[in-house]
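Structural overview for review
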Amino acid sequence: MKIYFQMKTLIFRFLIALLLITPLIAGAFPAPARAATYGDVVISEIMYDPIGAEPDTEWVELYNPGSVAVDISSWVLTDDANYPGGTITEGYCTIPESTSIPAGGFLVISQAALTEIDGEVVCTPSGTFELNNAGDQLALFSAAPANERIFGSLVVAYPDSAPTNLGDAIGLHYPMAGWSGASGDWAVETTDSGATNYRYHTAGAANDGWSGYVLTNHTIIADGTVSEWQANGEQLGSTDGVDFYVTWDADYIYVGMVGGDTSNDKYNVLIDTDPLDSGVDNSGNANVDYCGATFADDGKADYAIQLYPTGTAYAQASGASWDAWAPAGSGGNRGIGQVEFYIQKSDLGLTSGDAVGFYLYACNSSNQVWAAWPPENEVNTGSTDALTTRVVFENTYANRAPRYEGSMRGSQTMPANAGGQELFFDDVAGTVDYYARLYVTTSGGVTCTVKITTRGNALATRLDGGLRRSYDITPQNCTGLAATITLKFNDGSMSGAPDEFRGASANNTRLYRWDGTAWVSVGSAYNSTNKTVYTTAPQTTFSPWTAGDTTAGSLPTAITLDSMRAVSHGGLPASVLLLVGMSALSGFILWRRRI
């Protein structure tokens, strides 16, 4: 018995000591570079036509816009849009083990040691890996087994903007434009390197064109005067006479709206704290309260802040009701024709790594919604306005350009039980401002409805190689439904929203349907007046849809159909896990001793 108690006391003391020192041990070592998630790394600068011998003096710069280091060990850089081992027709280069890019950092990749570039990493080439001087595709893939094409890959060829054989690099004009091969998104660098093999470049540093862009973390003085906001990176767009802005810093998310009559109108920010969940898994309230607006079941609002002429209202969803909410550090201020909100992340229970979605809208003194972002939302209906779509940010890390990362996610269900058209995501009811249109040629039955889900300005892998918008078309309780399909994609001229064509030609754009294995081209045509792509015959099979340029190299390729979402790989602290494990072990020892 004495031995039993001595052992029990010894183990107890050991576990207490272990619990106390484990955090200290963990804190003594820096956090390792984590595996990348979609959008973490972009191709930021390309030296494709150096003065020196090619391809040995060619190089590609990678940029990590995130707030933590990213491990790119065994990633593959190709001068083809396809992954090695597939249908690749050119060469590739494998990045060596133990290679990472620090937070907010740059890394130059070359296939031979460079005497005039510091800190480059030499990859291992296979096949003929060289950069075409007339423009070329350039793709970056994560390591096996994922082999996922990274967001910053150029599935549309980079533009041949640099002068011939003068050693000038081209760089992204703004930090998160890596999805585009459009010449307007790239610019020749202007910093003179003074080197023999090169003239102008910014290898290992921010590009020359980035000086005009304010990235997160950007702190706003939310005094109701929208003066310090950066239009290029923080203005989401404009609808119905209101400009909408979003940015953030480490602790706060800021929202700005410019337009309307601030002495009479009400300005609203409705917040979805789990925007990547849908249906019953999406928490919050879909019911009418704030200016008579309702919200889609896939994007219910969890919190509400309203600036009205004489004050500020706060509410938190509680089932189908709204309860009073007293945030510790959130609010807003009104100026003349403009308002600003400041929203403390901790008030929402969020960290910088969490996704968050917003409905942004203005209503008049009669509670009529007259302007809303995203532009897919219906306004001025004369009755309850169904806000179907919110802008979603998959994280609020530093070094981001919110304009280019705010995905427009929405869903809407309409009847398909009679012939004629049904318009989805229609800004003004009955107009050509819709984003999706079904013209029913054969009814699906009395109870037939169709749900369309859209993801615009999207970073999702399912769009890799296609346009930055997709649609899921789901008939419900339908038999024999047939309809022509018309879908809209932003071309940069609508509502000031970012271009979703990724450098592809609008006139060459056609629709593609997912058949369960691959994207299948469907007979379709582009309407340049309405900025839409439509099927030329009624369809009877409905599924995920996207679009692509019919020219080679820019067609959609299905890597995965799953939308990207923030997945926490964390768990209990190491100290707790060790404590549990040792406790189990001690229990076993004591049990054995009793026997």
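It should be noted that the structure appears before, not after, this text.
Here's a quick rundown of the structure.

Reading guide: rules and limits
- Residues numbered from 1 in each chain as written.
- Predicted model: local features only at pLDDT ≥ 70, side-chain atom pairs only at ≥ 80, totals over all residues.
- Heavy atoms only, no water.
- Helix = DSSP H or I, 4+ residues; strand = E, 2+ residues; numbered from the N terminus.
- Buried < 20%, exposed > 50% of the residue type's maximum accessible area, 1.4 Å probe, protein only.
- Contact = heavy atoms within 4.5 Å.
- Areas by Shrake-Rupley, 256 points an atom, 1.4 Å probe, with all protein chains shown as cover.
- Core = buried A, V, L, I, M, F, W, Y, C linked by side-chain atoms within 4.5 Å.
- Pairing = 2+ DSSP bridges.
- Axes fitted to C-alpha atoms, helices over the stretch in contact; angles between N-to-C directions.
- Polar contact = N/O pair within 3.5 Å; in protein donor to acceptor, adjacent residues only side chain to side chain.
- Disulfide = S-S within 2.5 Å.
- Salt bridge = Lys/Arg side-chain N within 4 Å of Asp/Glu carboxyl O.
- Lys, Arg positive; Asp, Glu negative; His and termini not counted.

The next point concerns the overall build of the protein chain. For the protein chain, the count of helices and strands is four helices and 38 strands. Going through the 595 residues of the protein chain one by one, you find that 53% of them count as buried. Within the protein chain, residue pairs in contact and separated by at least 24 positions form 66% of the contacts whose partners lie at least 6 positions apart. Surface summary for the protein chain: the accessible area is close to 23,500 Å², and the carbon and sulfur share equals 53%.

This paragraph deals with the nonpolar core. Ranked by internal contacts, the top residues of the largest apolar core, which has 37 residues, are Val41, Ile46, Leu62, Ile72 and Trp75. Looking at this core, the elements that each hand over two or more residues are β2 (42–47), β3 (59–63), β8 (106–110) and β12 (170–172). Excluding anything up to four places from it in sequence, Leu62 contacts Val41, Val42, Ile43, Ser44, Ile72, Ile95, Ile101, Gly105, Phe106, Leu107, Ile109 and Leu140. The next biggest cluster of nonpolar side chains, apart from the first, holds 31 residues, and it includes Tyr267, Trp325, Phe341 and Ala371.

Before going further, it helps to examine the pairing of β8. In terms of residue burial, β8 counts as a mostly covered element, since five of its five residues are buried. Of the two faces of β8, the one lined by Phe106, Val108 and Ser110 and the one lined by Leu107 and Ile109 are each fully buried. Of the strand pairs in this sheet, β3 and β8 are connected by four bridges, and their pairing is antiparallel. Paired with Val60 across the strands is Ile109, a residue of β8. Relative to strand β9 (residues 121–122), β8 runs parallel, the two being bridged by two bridges. Bridging from a neighbouring strand, Ile109 pairs with Val121 of β9.

Within the open sheet, the four strands sit side by side as β10-β6-β5-β11. Their pairing is antiparallel. Each edge of the open sheet is held by one strand with a lone partner, namely β10 (124–126) and β11 (139–141). Across this sheet, the average inter-strand angle for adjacent strands is 25°, counted without regard to direction. Bridging between strand β6 (residues 92–94) and β10 involves three bridges; their strand directions are antiparallel. Residue pairing for β10: Tyr92 is matched across the bridge by Ser126.

Turning to the pairing of strand β14 (residues 235–239), a few remarks are in order. Within β14, four of the five residues are buried, which leaves the element mostly enclosed by the surrounding structure. Where β14 meets strand β15 (residues 242–248), four bridges bridge the pair, whose relative direction is antiparallel. Note that in β15 the partner of Thr239 across the bridge is Val242. Between the antiparallel neighbours β14 and β15 lie two residues, among them Asp240 with a positive phi of about 50°.

By the element assignment, Tyr314 lies in strand β20 (residues 311–318). Within the structure, the side chain of Tyr314 is placed 3.2 Å from the backbone oxygen of Ser330, a separation counted as a polar contact.

Within the secondary structure, Ala301 sits in the loop between β18 (293–295) and β19 (303–308). Between the C-alpha atoms of Ala301 and Asn282, which are 19 residues apart in sequence, the distance is 9.1 Å. Leave out the neighbours within four places in its chain, and Ala301 touches Leu270, Ile271, Gly284, Asn285, Phe295, Ala317 and Trp322.

Attention now moves to the state of the cysteines. Tallied over the entire structure, the rule returns three disulfides. Note that Cys448 is cross-linked by a disulfide to Cys478, the S-S spacing being 1.9 Å. Every disulfide takes its handedness from the sign of the S-S torsion; for Cys448 and Cys478 that torsion is 85°, giving right-handed. One end of the pair, Cys448, is in the loop between β30 (436–442) and β31 (449–456); the other, Cys478, is in the loop between β32 (469–476) and β33 (482–488), and 30 residues separate them in sequence. Residue Cys448 is classed as buried on the basis of its relative accessible area of 1%. Taking the relative accessible area as the measure of exposure, Cys478 reaches 24% and is therefore partly exposed. Sequential numbering of the bridged cysteines in the protein chain gives the disulfide pattern 1-2, 3-4, 5-6.

Attention now moves to the pattern of salt bridges. Any two side chains of opposite charge can pair if their charged atoms end up close together. Counted under the stated rule, the structure contains nine salt bridges. Arg199 is the salt-bridge partner of Asp168, the closest N and O atoms lying 2.6 Å from each other. Highlighted residues: Asp168 in the loop between β11 and β12 and Arg199 in the loop between β13 (186–188) and α2 (231–234), separated in sequence by 31 residues. Residue classification places Asp168 among the buried residues on the basis of a relative accessible area of 1%. Ionic pairing is found between Arg455 and Asp472, a salt bridge with its closest N-O pair at 3.4 Å. Taken together, the residues Arg455 in strand β31 and Asp472 in strand β32 connect sequence positions 17 residues apart. Here Arg455 matches Asp472 in class, with each residue buried.

This next bit is on the sheet that holds strand β37 (residues 532–535). The strands making up a sheet associate through hydrogen bonds between their backbones, and the pairing can be parallel or antiparallel. Overall, antiparallel pairing links the five strands, which are arranged β29-β30-β33-β37-β36 in an open sheet. The strands lining the two open edges of the sheet, one partner per strand, are β29 (420–424) and β36 (524–527). Strand-to-strand twist in this sheet, taken as the mean axis angle between neighbours without regard to direction, amounts to 20°. Where β33 lies against β37, three bridges are found, and the strand directions are antiparallel. Within the sheet, the bridge partner assigned to Lys488 lies in β37 and is Thr532.

Time to look at the side chain of Lys300. Tracing the sequence through the fold places Lys300 in the loop between β18 and β19. We note that Lys300 is buried and unpaired, the nearest opposite charge coming from Asp297 at a distance of 5.0 Å. A distance of 3.0 Å separates the side chain of Lys300 from the backbone oxygen of Gly279, its partner in a polar contact. Side-chain polar atoms of Lys300 contact the backbone oxygen of Asp297, separated by 2.8 Å. Excluding residues that lie within four positions of it along the chain, Lys300 makes contacts with Asp272, Gly279, Asn282, Ser283, Gly284, Asn285, Ala286 and Phe295.

Read these as layout, nothing more, since geometry by itself doesn't imply function.
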